[in-house]
Amino acid sequence: MTCHVLVGGFFGDEGKGKIVSYLAIKDKPSVCVRAGVGTNAGHTVEYKGKTYKLRQIPSGFIQEKSKILIGPGVLINPDILKKEVEETGVGDRLKIDRQCAIIEEKHIEEDRGSSFLKGKIGSTGTGCGPCNAERAMRRVKLAKDIPDLAHYITDVPLEVNTAINEGEHVLIEGTQGTFLSLYHGTYPFVTSKDTSASQACADVGVGPTKVDEVFVVFKSFTTRVGAGVLPGELSEEEAKKRGWFETATVTGRKRRAAPFNFELAKRAVMLNGATKAAITKLDVIYPECSGARSIDKLPEEGLTFIRKVEEVIKIPVCLIGTGPGALDMIDLRDEV
Ligand code: IMP
Ligand code: MG
């Protein structure tokens, strides 16, 4: 039985899509299941010359042998799901849980029309907050109520647990980041749900005794979209100069940028019970290592940075992203 969970360690946009897609290719999970909030997330996968920006479909879909599932905790926007099914061609191996809650137009209007959510908090305007609020009020529509989705409906917790019990490999993909958690983040500048590894497991119906590894993903620098503190925040000009300036996958907004935050990383490891860390975009900080696939290709400073991170967070950094492609990765898992 092997069940791996993957979550973001900062404020989202750590590069979870890239790490999940790599793990899906290498570890060949029989099940890739998406957890997390909903369509507010955007996970980027680059593989075989194509770029996918996924808001619903698990990033492991590029592994053609995997079943592709979405857990009951996740919010579904049927229009976005349909579009992504077309883009990814996973229609015949995708299943969603009967109890996924449905984002309706009214939720999107409420999110976008709210001077508090959209204005003050800087929400993504995707309707996730209002939909989760209605869910808490026990009035939300569920996937099983939508005829257009009938073809995809299954019992996801049963499928996932059956796979685990039969000794198959399951990969659970969390969304957002630890410090966007409703419980553990920088409240009120957070998303509408917890985002830790425990929540990711609850989202798909897996209990804590079933989990073998928790991967926490950090980017080599931190970014944040929307409002809320970002310690060490750089000016836009400085971020551009360093090559750290990014725009958001879902909303196209500017991402604010700051250096790698060791204190937050340490706390993220604690909150998630993480056993292994992944660090993405090392090539952005050290362009010499662009595309590297072995540790001896890292410049001295890059290696020193990785060792310093390990010293602070007390778990091994076993995956290092060196470029946007799913396979641009230094994989040290055999060495730890
Ligand atoms: P909401 O989740 O759309 O309500 O937005 C609440 C806060 O979380 C805002 O600051 C958003 O920018 C942020 N947020 C939500 N999802 C993501 C994500 O996937 N990546 C980065 N930021 C996110
Ligand atoms: Mg994102």
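Right, let's walk through the structure included here. (Residues numbered from 1 in each chain as written. Chains lettered and ligands numbered in written order. Predicted model: local features only at pLDDT ≥ 70, side-chain atom pairs only at ≥ 80, totals over all residues. Heavy atoms only, no water.)

## Side note on unusual backbone geometry
- Cis geometry marks the peptide bond from Tyr 187 to Pro 188, where omega comes out at 5°.
- Positive phi outside glycine occurs at Lys 281, with the angle close to 60°.
- Along the chain, Lys 281 turns up in the loop between β15 (276-280) and α10 (282-285).
- On the basis of relative accessible area, Lys 281 is assigned to the partly exposed category, the value being 32%. (Helix = DSSP H or I, 4+ residues; strand = E, 2+ residues; numbered from the N terminus. Buried < 20%, exposed > 50% of the residue type's maximum accessible area, 1.4 Å probe, protein only.)

## Some words on helix α9 (residues 262-272)
- Buried residues of α9: Phe 262, Leu 264, Ala 265, Ala 268, Val 269, Leu 271 and Asn 272, and no others.
- Tucked into the core, α9 has its buried residues touching β1 (2-8), α7 (197-204), β11 (213-219) and α11 (300-313).
- Between a side-chain oxygen at the N-terminus of α9 and the backbone nitrogen of Glu 263 the separation is 3.2 Å; the capping residue is Asn 261.
- A positive phi of about 60° marks Gly 273, the residue just after α9. (Contact = heavy atoms within 4.5 Å. Polar contact = N/O pair within 3.5 Å; in protein donor to acceptor, adjacent residues only side chain to side chain.)

## Digging into the sheet that holds strand β14 (residues 254-259)
- Read across the open sheet, the three strands follow the order β12-β14-β13; overall the sheet is antiparallel. What marks the edges here is a single partner per strand, and that holds for β12 (221-224) and β13 (246-247).
- Sheet topology note: the β12/β14 ladder contains four bridges and is antiparallel. Of the residues in β14, the one forming a bridge with Phe 221 is Pro 259. (Pairing = 2+ DSSP bridges.)

## Concerning α7
- Within α7, six of the eight residues are buried, leaving the element largely enclosed by the surrounding structure.
- Where α7 is buried, its residues contact β1, β2 (31-34), α6 (156-165), β10 (169-173), β11 and α9.

## Quick word on the coordination of the magnesium ion (ligand 2)
- Here the magnesium ion (ligand 2) is held by Asp 13 (OD) and Gly 42 (O), and the distances to it run 2.1 to 2.5 Å. Residue Asp 13 is found in the loop between β1 and α1 (16-27), and its partner Gly 42 is found in the loop between β2 and β3 (43-47); the two are separated by 29 residues along the sequence.
- Using a relative accessible area of 21% as the deciding quantity, one classes Asp 13 as partly exposed. (Donors = N, O, S within 2.8 Å, 3.2 Å for Na, K, Ca; no water.)

## Overview of the packing of aromatic side chains
- Applying the stated criterion across every chain, the model contains nine aromatic pairs.
- Summarising the aromatic geometry, the rings of Phe 11 and Phe 179 are spaced 6.1 Å apart at their centres and angled 55° between planes, so their arrangement reads as tilted. Here the residue Phe 11 occupies a position in the loop between β1 and α1, and Phe 179 occupies one in the loop between β10 and α7, the gap between them amounting to 168 residues. The same class applies to Phe 11 and to Phe 179, which are both buried.
- An angle of 15° between the planes, with centres 5.0 Å apart, marks the rings of Phe 221 and Trp 244 as stacked. Note that Phe 221 is positioned in strand β12 and Trp 244 in the loop between α8 (236-242) and β13, a separation of 23 residues in sequence. (Phe/Tyr/Trp six-rings, centres within 6.5 Å; stacked < 30°, edge-to-face > 60°.)

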